[in-house]
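# Inside the fold
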Amino acid sequence: MLDILENVINSVTLTPKDFLDIRYAYAMGESLTVRNGRFDSISNQTTGGVAIRALIDNAWGFTTIVNTDKESILKAANKAIKMAKAGSKYTKQERTIGDKWVYEGSGATKLEIDPRDIDKETKFEKIVKTEQTAREYSDTIAEASATYQESHSKEFVVNNRGTKVSNKTHTIRLMKNVVGREGTKMQNVFDSIGGVGGWELIENWNPEEEGLKSAVLVEKLLLAREPPSGKMNVIMDPSLTGVFIHEAFGHACEADGIIAKNSILEGKIDQRVGVEGINVYDDPTIPQLRGTFEYDSEGTKARKRVLVEDGILKEYFHTLETATTLGMEPNGSGRAMNFNVTPQARMGNSYVDDGDMKLEEIAEMAKDGVYLKDSYGGYVVPAKGQFYFTCQLGYYIENGEITDMMGNVGMSGMTLEVLQNTFAIGEKWDAAFQGTCGKGGQWVPVTGGGPNLGVSDLVVGGTKQ
Amino acid sequence: MTSKEDLHELAEYIVKHGLSLGADQVEAYTLYGSAKSVQVERGSIRKFTDVSNSGLGIRIIKDKSIGMASTTIFTTESIENCVKNAYSLAKVSPPDPNFDSLPFDDKPSPEIPGRHDQAIIDLDVEEFTELILQSIQEAQIHENAVIGGNFTTGHGVRYIVNSLGIDRTSSQTSVSGYLGVKIAEGEDIGNAYYYDAATALSNFKHLKIGNVAGERAKKMLGSKKIETASLPVLLDPDSTYGTVEPILSNGINALSVFNRTAFFVDKIGDSIASEKLNITDDPFYPGGTDSSPFDDEGVVPKKLNLIENGMLQTYITDSYTAPLVGLENTGHASRGSFASRPRPAPYTLSIKPGTTSKDSLLSDMKEGVLMIASPLHSSGNNPQISAQINQGFLVKNGEILHPIKNAVIGCTVFDVYQKIDDLSKETENRSGHEAPWMLLEELQVSGGK
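Residues numbered from 1 in each chain as written. Chains lettered and ligands numbered in written order. Predicted model: local features only at pLDDT ≥ 70, side-chain atom pairs only at ≥ 80, totals over all residues. Heavy atoms only, no water.

## What to know about the overall build of chain A
Counted only if it meets this: Runs of H or I in DSSP of at least four residues are treated as helices and runs of E of at least two as strands, each being numbered from the N terminus. Our radius of gyration is a C-alpha quantity, and the globule rule it is checked against amounts to 2.2 Å times the number of residues to the power 0.38. Buried, partly exposed and exposed residues are distinguished by accessible area as a fraction of the type maximum, computed with a 1.4 Å probe on protein chains only: under 20%, between the cut-offs, and over 50%, respectively. Residue contacts are defined here by distance: any two heavy atoms, one from each residue, within 4.5 Å place the two residues in contact. Accessible surface is estimated by sampling points in the Shrake-Rupley manner with a 1.4 Å probe; for residues, cover comes only from the protein chains shown. Only four residue types enter the tally: Lys and Arg on the positive side, Asp and Glu on the negative side, with His and both chain ends excluded. To locate a charge, the coordinates of NZ of Lys, CZ of Arg, CG of Asp or CD of Glu are taken.
Along the backbone of chain A there are nine helices and 22 strands. Relative to the 2.2 N^0.38 estimate, which gives 23 Å for 465 residues, the radius of gyration of chain A is 24 Å and therefore close to what a compact globule would have. Taken along its principal axes, the extent of the C-alpha atoms in chain A is 70 × 55 × 35 Å. Among the 465 residues that make up chain A, the fraction classed as buried is 64%. When contacts within chain A are restricted to residue pairs at least 6 apart in sequence, long-range pairs at least 24 apart make up 74% of them. When the accessible surface of chain A is split by element, carbon and sulfur atoms take 46% of a total near 16500 Å². The averaged location of the 65 negative side-chain charges in chain A is 7 Å from the averaged location of its 51 positive side-chain charges.

As structure tokens, then:
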């Protein structure tokens, strides 16, 4: 396939300033869900096609086809070129892609146990027993569900600068969701494991233990205290720290947003954005996490990104275009969800690095506030730097002690305030937030993490007056 | 094999092929879709896109076990594999005793006016771009305005064929667009967006997109943090619809009702909201972006009264869930994509207006919050709402004081429905989605001050 794509590149007429890339992406996935004792969805999905992108005279043209013969791809390439040329008279900005970044190579996920070699009954067992244990725990469990997913994808990228890259990725995931209900009071607990790799990543999932753990927690949450409201000190667990750094900070570091003048962090490289001692990284090369990859969807070799070093902003997430425009180096952040969309500057595995404080010490510093756990997700408006995220549960902190459990709640904060308001960094980071990030209609797997983190003046949106 | 005509033939072939493998029932859902988009960045054009969204989904039933498969690849080999995969999964999957049958419905499907507009299909990219440039011009209301967004035209043809005799075809066009505007005056940032969508080009309000996005961004300048307090909340029609619809969508869908996770389990005939709340669902609203002559299983729905004077009238069902809750199939099967299993979901809701003017709702407010395009969303199935105020204003003595920065409203979905204090007589109708301004009694507002 790489040769066909390269052959097409060599067959079109381009000037040295023009840019054209062709990407073939194919993915096959399987998803099995059991809900309340019934097989809710058992499905197999295949997507595949060729994406052609041309940047000519400052405008992009993009088209896709599902045929993979040379003649069809060549025709589509000429269509993309024609579209870019048509767009150029309407654009006011200069856009190019530098010619010094050329990548060649092939990446492949390390697969110790190929899930395609595992029989369906074994896969069913993982989810059926998880769901059954949770559901049968008590009458207050309204719904229990468990889902198994695997995906096998390949992506080939060539461009007229000389890049020629192939990448094979395998992902696997087990999820559980348990909903408890007492009248109109409801709580749910969601959790998942998995990442980039094979069956080895979920092999040790003990269905009975996992089902029981969620059911017990749901029961406790139904009896938990009402969450408070107002501005207060918050300690986040590693999962919350992960989603917090992803939403509050990571999105604002995406260079396409910087160029679109849509980020509060525009022009802030080498400026202080956080307290001394805080370090924030994103590293897609850490093995086996959800946001792990070797080459991005533009063929750029991925590497660790240093976003914040000792409180100073150091780096953005770059595509080839944003790196050229801002005069910086690409760092392999151009990710595309599938063949039908263009790569965007995206995160991979983002985390706050370790500090040295124990949870009890942080609680003592907080004195009063809340200790929040287990993310539900969130969102951010990078243009004004206002973010929002939610947790599944938490605990009150009273007089420096972690006390009563509370139910789920959402929080709001301002990007430029929160890293400055960090008052304590815990001692051990964990990649605890296994998420899926949405941007511009594209969903890609990501991981977020960190240690326990103490932040002052977050707005907690509970119902308690 | 990706032309519109071929995809009907393909659906018929899939059903025959599935049966020949030994399936008890087969359903094929094929979709021809094309979309042309124009991306706007910093007030000018960045990218032209022309992509296909075609694909097919297959459901196969064998001994009450269900297997599904989907693909976007239309080669003979891929399609054969897709049918085979669905059949294999049905064979190994444990049976679902609750599964009754795929549907059969021979009612004629109605013609919905304004669902297909040749002008959208014929619109060339240069003409479309001219409309977009006009929209951008409208948004340029401040010298510092930074404008970005995306505009799309689309055409889709959907075929549903099943082995019981369902054979339906429908075609729909669409045009949609949004602009986000950011205005910075030093550290002070005003930010807002606006969108519109229509099935006919003549109904697409492209100038309004730019105008409203720009005006709203300007109004968001000067935002301030507020104190935590318990305050009444006035929602504009977009916020009203965006709040009321998801609650109802979860609350009355028969699958969630059967699973006991719906907000309104066992509530048919009971009061679930203020008596001021009346909601209908019209699948055939002319020109509605969510209107459809049949559901995603091929069943013809009908217009339903969902809530009358605060009383719940019915649940919405599809072929799987109707027997589970003891109701008839209301034809509300909806798929997220050709790859998904259908679930019940509403079409086009209309929330009946009240009698008070929207100006009075605002001017009579002693102290409260005005929300613009900021719905009160809950997280997942939870009835707890903890929603950020994205575009909100502090109101005192009927006057808008300033935009609100960094605040969250905490309540429950039940609070929202029960605390409807009043509804305006004016409504906004967005392609059939109709809602008034809605005043809610005091809710807990967490401020950052």
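Picking up after the structure, the text goes on.
## A closer look at the interface of chain B and chain A
What counts here: Here the quantity called buried area is the accessible surface, traced with a 1.4 Å probe, that two parts lose on coming together, added over both. Any Lys or Arg side-chain nitrogen located within 4 Å of an Asp or Glu carboxyl oxygen qualifies as a salt bridge. N or O atoms closer than or at 3.5 Å make up a polar contact, with two conditions inside protein: a donor-capable atom paired with an acceptor-capable one, and, for residues adjacent in sequence, both atoms drawn from side chains. Put simply, Ala, Val, Leu, Ile, Met, Phe, Trp, Tyr, Cys and Pro go in the nonpolar bin, Asp, Glu, Lys and Arg in the charged bin, and everything else, Gly too, in the polar bin.
Taken together, the contact between chain B and chain A spans 76 residues of the former and 81 residues of the latter. Taken together, both faces of the contact between chain B and chain A bury some 6500 Å²; the carbon and sulfur share is 48%. Between the two partners, chain B and chain A, sit six salt bridges. Between the two partners, chain B and chain A, sit 56 residue pairs in polar contact (both at pLDDT 80 or more). Broken down by secondary-structure element, the contributors of at least two residues to the side of chain B that touches chain A are β2 (44-52), β4 (65-71), α2 (76-92), α4 (125-139), β7 (188-198), β16 (384-388), β19 (408-412) and β21 (433-446) of chain B. Looking at the side of chain B that touches chain A element by element, the count peaks at nine residues for β2 of chain B. Broken down by class, the residue content of the side of chain B that touches chain A amounts to 29 nonpolar, 32 polar and 15 charged.

## Focus on a nonpolar patch on the surface
Spelled out, the test is: The patches described consist of residues with a relative accessible area above 30% and no salt bridge, like charges being joined within 9 Å and nonpolar side chains (Val, Leu, Ile, Met, Phe, Trp, Tyr) within 5 Å.
A surface patch of nonpolar side chains, amounting to about 310 Å² of accessible area, comprises Tyr-178, Tyr-193 and Tyr-195 of chain B. Given the relative accessible area of 42%, Tyr-193 of chain B is considered partly exposed.

## Regarding the packing of helix α3 (residues 120-135) of chain A against helix α4 (residues 207-222) of chain A
All names here are of chain A. As a reminder of what qualifies: All axes are obtained by fitting lines to C-alpha atoms, using only the stretch in contact for helices, and the reported angles, taken between N-to-C directions, cover 0 to 180 degrees. Crossing handedness is defined as follows: a turn of the near helix away from the far one that is anticlockwise and smaller than a right angle gives a left-handed crossing, while the clockwise case is right-handed.
One way to put it is that α3 packs onto α4 with a least axis distance of 7 Å and a crossing angle of 35°. Read as a crossing pair, α3 and α4 show a hand that is right-handed. Only Pro-207, Glu-208, Glu-210, Gly-211, Leu-212 and Ala-215 of α4 make contact with α3, whose side of the interface consists of Glu-125, Lys-126, Lys-129, Thr-130, Thr-133 and Ala-134. Partitioned by chemical class, the residues of the contact of α3 with α4 number four nonpolar, three polar and five charged.

## Examining the pattern of salt bridges
In this structure the tally under the stated criterion is 47 salt bridges over all chains. In this structure, the salt-bridge partner of Asp-404 of chain A is Arg-225 of chain A, at a minimum N-O distance of 2.8 Å. With Asp-404 of chain A in strand β17 (residues 401-406) and Arg-225 of chain A in the loop between α4 and β8 (229-236), this residue pair connects regions lying 179 residues apart in the sequence. The exposure class assigned to Arg-225 of chain A is partly exposed, which follows from its relative accessible area of 28%. The salt bridge involving Lys-396 of chain B is made with Glu-367 of chain B; its shortest N-O contact spans 3.8 Å. Placement of the pair is Lys-396 of chain B in strand β17 (residues 392-396) and Glu-367 of chain B in strand β15 (residues 367-371), with a sequence separation of 29 residues.

## Quick notes on unusual backbone geometry
One non-glycine residue, Asp-270 of chain A, lies in positive phi territory at about 70°. Residue Asp-270 of chain A is classed as exposed on the basis of its relative accessible area of 53%. For Ala-373 of chain B, which is not a glycine, the phi torsion comes out positive at approximately 45°. The topology assignment puts Ala-373 of chain B in the loop between β15 and β16.

## Some words on the domain arrangement of chain A
Residue and element names in this part refer to chain A. What counts is decided by this rule: An automatic or database domain assignment supplies the start and end points of every domain.
Segmentation of chain A into domains returns domain 1 (2-222) and domain 2 (229-461). The centre of domain 1, based on its C-alpha atoms, is set 22 Å off from the matching centre of domain 2. Each side of the interface is counted separately: domain 1 has 46 residues, and domain 2 has 36 residues. Between domain 1 and domain 2 lies a buried interface of about 3200 Å² when both sides are counted; carbon and sulfur atoms form 53% of it. Across the domain 1-domain 2 interface, the total number found is three salt bridges. A salt bridge links Glu-321 to Arg-95, with the shortest nitrogen-to-oxygen separation between them at 3.5 Å. Mapped onto the side of domain 1 that touches domain 2, the elements with two or more residues apiece are β1 (19-35), β2 (38-56), β3 (59-65), β4 (104-108), β5 (141-159), β6 (164-182), β7 (185-196) and α4. At eight residues, β7 tops the list of elements feeding residues into the side of domain 1 that touches domain 2.

## Some details on α4 of chain A
Here is the rule: One fewer than the residue count of a helix, multiplied by 1.5 Å, yields its expected span.
For α4 of chain A, with 16 residues, the first-to-last C-alpha span of 23 Å sits near the 22 Å given by 1.5 Å per residue. The N-terminus of α4 of chain A is capped by Asn-206 of chain A, whose side-chain oxygen sits 3.1 Å from the backbone nitrogen of Glu-208 of chain A.

## A short note on the sheet that holds strand β20 (residues 430-439) of chain A
Sheets are built from strands that pair by backbone hydrogen bonding, the pairs being arranged parallel or antiparallel. All names here are of chain A. Going by this rule: Strand pairing requires that DSSP identify at least two bridges connecting the strands.
Spatially, β11-β10-β9-β14-β21-β20 is the arrangement adopted by the six strands of the open sheet, whose pairing is mixed. In this open sheet, the two edge strands, each paired with only one partner strand, are β11 (312-313) and β20. Looking at chain direction, strand β9 (residues 280-282) and strand β10 (residues 305-309) are connected through three bridges and run antiparallel. Opposite Tyr-281, over in β10, you have Val-306 as the bridge partner.

## Some points on the side chain of Thr-199 of chain B
Residues and elements named next belong to chain B. Mapped onto the secondary structure, Thr-199 falls in the loop between β7 and α5 (206-219). Taking relative accessible area as the criterion, Thr-199 reaches 0% and is therefore assigned buried. Contacts of Thr-199, omitting those with residues within four sequence positions, involve Gly-114, Arg-115, Asp-117, Ile-120, Gln-172, Thr-173, Ser-174, Gly-287, Gly-288 and Thr-289.

## As for the domain arrangement of chain B
Often, the extent of an interface is quoted as the loss of accessible area on bringing the components together. Residues and elements named next belong to chain B. Parsing chain B into structural domains produces domain 1 (4-218) and domain 2 (223-449). One C-alpha centre belongs to domain 1, the other to domain 2; they are set 24 Å apart. Between domain 1 and domain 2, the contact holds 47 residues from the first and 38 residues from the second. Contact between domain 1 and domain 2 buries roughly 3200 Å² in total, counting both sides, with carbon and sulfur atoms accounting for 55%. On the surface where domain 1 and domain 2 come into contact, there are five salt bridges. Between Arg-158 and Asp-296 there is a salt bridge whose closest N-O contact spans 2.5 Å. Among the secondary structure elements, those contributing two or more residues to the side of domain 1 that touches domain 2 are β1 (25-41), β3 (55-62), β4, β5 (146-162), β6 (167-185) and β7. Here the element with the most residues in the side of domain 1 that touches domain 2 is β7; it accounts for nine residues. For the side of domain 1 that touches domain 2, the per-class residue count stands at 19 nonpolar, 16 polar and twelve charged.

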